[in-house]
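Fold and geometry: a report
Spelled out, the chains give:
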Amino acid sequence: MVLCFGTRGGNMSRLRGLAERDPRAGFRAERGDCGASVPQGLLKAARKSGQLNLSGRNLSEVPQCVWRINVDIPEEANQNLSFSATERWWEQTDLTKLIISNNKLQSLTDDLRLLPALTVLDIHDNQLISLPSAIRELENLQKLNVSHNKLKILPEEITNLRNLKGLYLQHNELTSIPEGFEQLFNLEDLDLSNNCLTTVPASFSSLSSLVRLNLSSNQLKNLPAEISGMKRLKHLDCNSNLLESIPSELAGMESLELLYLRRNKLRFLPEFPSCKLLKELHLGENQIEMLGAEHLKHLNSILVLDLRDNKLKSVPDEITLLQSLERLDLSNNDISSLPYSLGKLHLKFLALEGNPMRTIRREIINKGTQEVLKYLRSKIKDDGPSQSDSVIETAMTLPSESRVNVHAIITLKILDYSDKQTTLIPDEVFDAVKSNIVTSINFSKNQLCEIPKRIIELKEMVSDVNLGFNKLSLISLELCMLQKLSFLDLRFKILPEVLYRISTLETILISNNQVGSVNPEKLKIMENLVTLDLQNNDLLQIPPELGNCVNLRTLLLDGNPFRVPRAAILMKGTAAILEYLRDRIPT
């Protein structure tokens, strides 16, 4: 017995303290009360690793041997009195990570206090209606996931978890937040989405370490002005609430990068004079009627602006102030015309569907973003002769009786040979470039079966390549030689391996194909990839490891036959999808 009392990491004083509070605590032989629900091999491994995963075991209660894993003598100790170095259980680590998610637990007992070394407790997807007050004893806890349960209230004792960094309470039935919540001053990630909250405490402003706050899918009618006190907050999600306005103080949140306000009742677009780092602003499905210069002039870093399903009637010329903008969604508004200056932006995605557009023909809109931008640029009066005149004056007739728009090469830096239904790109097309700089290539809507080999002649210039709507069955290594390639539009049945090797790629648009799988490990290596459009393909499952592609700002998965993530998750946007996938990576 001397060995027992002088070992196990010097935890005897702590164990005596537990014994004072719980007479059952202290070393004793395991009673073997786990049965088949928790194999002894799992417990033995947990004593070595400090981690125990009991997810998906149909448990209706947590076996006593789990709560007492730190304090009971294991069964094997009674059966074998000669221990090797790896079997000296009294020297092995206390449990620090416990996962009991996806079971049928309706409650947890106060025996939870017997695991004071826990840093991670994951009990999502159960049937819990409350948490025990003993949770206050878990002072080392850093991550607590109680999402997808039936919690109506939180115990005040939860505010004692001062080391907590991640708290996940989404998909419960919470109507309020306990007083003292601001004492969780180390909290960095807080998810309260999909509850029944009607207010946010002003004391939230004291959560000075918070980086991500998700309040989506509640019943909030307003946000407290004090929310601006969260000086480190980067990600604020207030989608699917009842917000009619946003406090002006929110504009002072200097660290804010992602702001989600979709599906509310906003009538006016907020101004953001101090949000210099704001990269994504999602305002779709509101009632916004006007977009003015004052709304745009401070958005210096904006990459994504979502204004779909509002009541906008026009877009101001000041839209050109958004020089970093990559994705602009204006679909389903009342817009009848666009400023020609919009064509000067380097957009990778522009959505205009559902507007009564009069100045741009439907056939141009249907051709996609680059065609619309090219059309708008051609209408700028000060940018040389009109497009129609220049085609007549500078186009050259090829043997195939097709035309090359040299004006587009010279003034717009675009090599366009699209919609010709040709199986080969004639040499004359590449010859027309001569010594001019070309940054974009459009060979879409042809019958190409392979990448034109002469494309490598433009390897030091081209950044955008559109090869959509061809008959490509494989992609050659020529694409890897395009040193500045950042935008690639293709149509496939499988995702070619060569794409994973193009480290400069920022955008991959492969929607409306028959792609059946992707390789998340190889996608993760593509550090510059920020947009991945996989909509309307044949993906039967989404690998959880895709959640590790943290550089993705836009991940589109709608229109595939997979069952999870559910539509409700997809509607929350990229960050929520990636988090959902990460939570399901096997441990």
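Residues numbered from 1 in each chain as written. Predicted model: local features only at pLDDT ≥ 70, side-chain atom pairs only at ≥ 80, totals over all residues. Heavy atoms only, no water.

1. As for the overall build of the chain
What counts, and what does not: Working definition: helices are DSSP H or I runs of at least four residues, strands are E runs of at least two. Numbering for both runs from the N terminus. Residue exposure (1.4 Å probe, protein chains only): buried if accessible area is under 20% of the type maximum, exposed if over 50%, otherwise partly exposed. Working definition of accessibility: Shrake-Rupley area with a 1.4 Å probe, residue cover restricted to the visible protein chains.
Of regular secondary structure, the chain possesses 14 helices and 22 strands. Relative to its full complement of 587 residues, the chain shows a buried share of 54%. In the form shown here, the chain has an accessible surface area of approximately 25,800 Å², with 48% of it arising from carbon and sulfur atoms.

2. Topic: the environment of Pro201
Selection rule: Here, residues are in contact when the closest pair of their heavy atoms is within 4.5 Å.
Along the chain, Pro201 falls in the loop between strand S6 (189–191) and strand S7 (212–214). Separated by 23 residues in sequence, Pro201 and Pro178 place their C-alpha atoms 9.3 Å apart. Every residue in contact with Pro201, bar those within four places of it in the chain, is listed here: Ile177 and Pro224.

3. A closer look at empty space enclosed by the protein
Rule in force here: Using a 1 Å grid laid over the protein atoms alone, points where a 1.4 Å probe fits but cannot get out form a cavity; open sets with protein on both sides within 12 Å along at least 5 of 7 lines form a pocket; any residue with an atom within 4 Å of a point counts as lining. Grid points are joined across faces, edges and corners, and a volume is the space filled by probe spheres set on the points.
If you walk through the whole model with that rule in mind, you get three cavities of 30 Å³ or more. Put simply, the largest cavity is a space of about 160 Å³. As for the largest cavity, its lining consists of 17 residues, of which His148, Gln170, Ile569, Tyr580 and Asp583 are closest to the centre. Those elements giving two or more residues to the lining of the largest cavity turn out to be S7 and helix H14 (574–583).

4. Some words on the pattern of salt bridges
Note on pairing: side chains with opposite charge can pair once their charged atoms come close. For the record, the criterion: Here a salt bridge means any side-chain nitrogen of Lys or Arg lying within 4 Å of a carboxyl oxygen belonging to Asp or Glu.
Tallying each qualifying case throughout the model produces 20 salt bridges. Arg262 is paired through a salt bridge with Glu285; the nearest N and O atoms lie 2.9 Å apart. Within this pair, whereas Arg262 is found in the loop between strand S9 (258–260) and strand S10 (280–282), its partner Glu285 is found in the loop between S10 and helix H6 (293–296), the two being separated by 23 residues in sequence. Asp431 serves as the salt-bridge partner of Arg454, at 2.9 Å between the closest nitrogen and oxygen. Linking Arg454 in the loop between strand S17 (440–442) and strand S18 (464–466) with Asp431 in helix H11 (residues 427–431), this pair joins segments that are 23 residues apart in sequence. Classification of Asp431 as partly exposed rests on a relative accessible area of 41%.

5. Regarding helix H8 (residues 369–378)
Where burial is concerned, most of H8 is hidden: nine out of the ten residues are buried. By the burial criterion, the buried members of H8 are Thr369, Glu371, Val372, Leu373, Lys374, Tyr375, Leu376, Arg377 and Ser378.

6. A short note on H14
Of all ten residues that make up H14, seven are buried, and the element is covered over most of its length. Of the residues making up H14, those classed as buried are Thr574, Ala576, Ile577, Leu578, Glu579, Tyr580 and Leu581. On its buried face, H14 is in contact with strand S5 (166–168), S6, S7, strand S22 (554–556) and helix H13 (567–570).

7. Regarding the side chain of Glu280
Put simply, the test is: Charge assignment: positive for Lys and Arg, negative for Asp and Glu; neither His nor the chain ends contribute. Counted as a polar contact is a pair of N or O atoms within 3.5 Å, where, for protein atoms, one must be capable of donating a hydrogen and the other of accepting one, and residues adjacent in sequence contribute only when both atoms are in side chains.
Here Glu280 is to be found in strand S10. Although Glu280 lies buried, it forms no salt bridge, and the closest oppositely charged side chain, Arg553, sits 5.0 Å away as judged by the N-O distance. At a separation of 3.4 Å, a polar atom in the side chain of Glu280 contacts the side chain of Tyr260. Residues in contact with Glu280, not counting those within four places in the same chain, are Glu257, Leu258, Leu259, Tyr260, Ile302, Val304 and Arg553.

8. A few points about unusual backbone geometry
Note that the residue after Val564, namely Pro565, is joined by a cis bond; omega there is 5°. Checked against the element boundaries, Pro565 lands in the loop between S22 and H13. Even without a glycine there, the phi angle at Asn194 is positive, about 55°. In this structure, Asn194 sits in the loop between S6 and S7. One non-glycine residue with positive phi stands out, namely Lys434, at about 50°.

9. Regarding the packing of aromatic side chains
Cut-off, in case you're wondering: When the centres of two rings from Phe, Tyr and Trp lie within 6.5 Å, Trp using its six-membered ring, the rings pair. Their planes under 30 degrees apart give stacked, over 60 give edge-to-face, and anything left gives tilted. Note on criteria: charge over ring means Lys NZ or Arg CZ within 6 Å of the ring centre, with the direction from the centre no more than 35 degrees off the ring normal.
In the structure shown here, the tally under the stated rule is two aromatic pairs. Here Phe181 and Phe204 contribute two aromatic rings whose centre-to-centre distance is 5.7 Å and whose plane-to-plane angle is 15°, an arrangement assigned as stacked. Taken together, the residues span a long stretch of sequence, with Phe181 in the loop between S5 and S6 and Phe204 in the loop between S6 and S7 at a distance of 23 residues. Phe204 carries the same exposure label as Phe181, and that label is buried. One Lys or Arg, Arg584, reaches over the ring of Tyr580 and ends 3.7 Å from the middle of that ring.

10. Some details on the confidence of the model for the chain
Convention followed: Summary of the metric used: pLDDT quantifies the predictor's per-residue confidence within the range 0 to 100.
Looking at the chain, pLDDT values average 83 and 85% of them are 70 or higher. In this model, residues 382–402 is a region of pLDDT below 50 whose contacts with residues beyond four sequence positions or in other chains number 35 contacts.

11. Considering the environment of Ser511
Among the secondary structure elements, Ser511 is positioned in the loop between strand S20 (507–509) and helix H12 (520–525). The buried category is assigned to Ser511, whose relative accessible area is 11%. Along the backbone, Ser511 and Leu556 are 45 residues apart, and their C-alpha atoms lie at a distance of 8.7 Å.

12. Details of the side chain of Asn537
As for its placement among the helices and strands, Asn537 is situated in the loop between strand S21 (531–533) and S22. One polar contact links the side chain of Asn537 to the main-chain carbonyl oxygen of Ile510, over a distance of 2.9 Å. Within polar-contact distance, the side chain of Asn537 engages the backbone oxygen of Gln535 at 3.1 Å. Setting aside anything within four residues of it in sequence, one finds Asn537 in contact with Ile510, Ser511, Asn512, Asn513, Gln514, Val515, Gly559, Asn560 and Pro561.

13. A short note on the environment of Gln142
Residue placement: Gln142 occurs in the loop between strand S3 (120–122) and strand S4 (143–145). Owing to a relative accessible area of 37%, Gln142 belongs among the partly exposed residues under this scheme. Along the sequence, Gln142 and Leu187 sit 45 residues apart, while their C-alpha atoms lie 8.6 Å from each other. If sequence neighbours within four positions are ignored, Gln142 has contacts with Thr119, Asn163, Leu164, Lys165 and Gly166.

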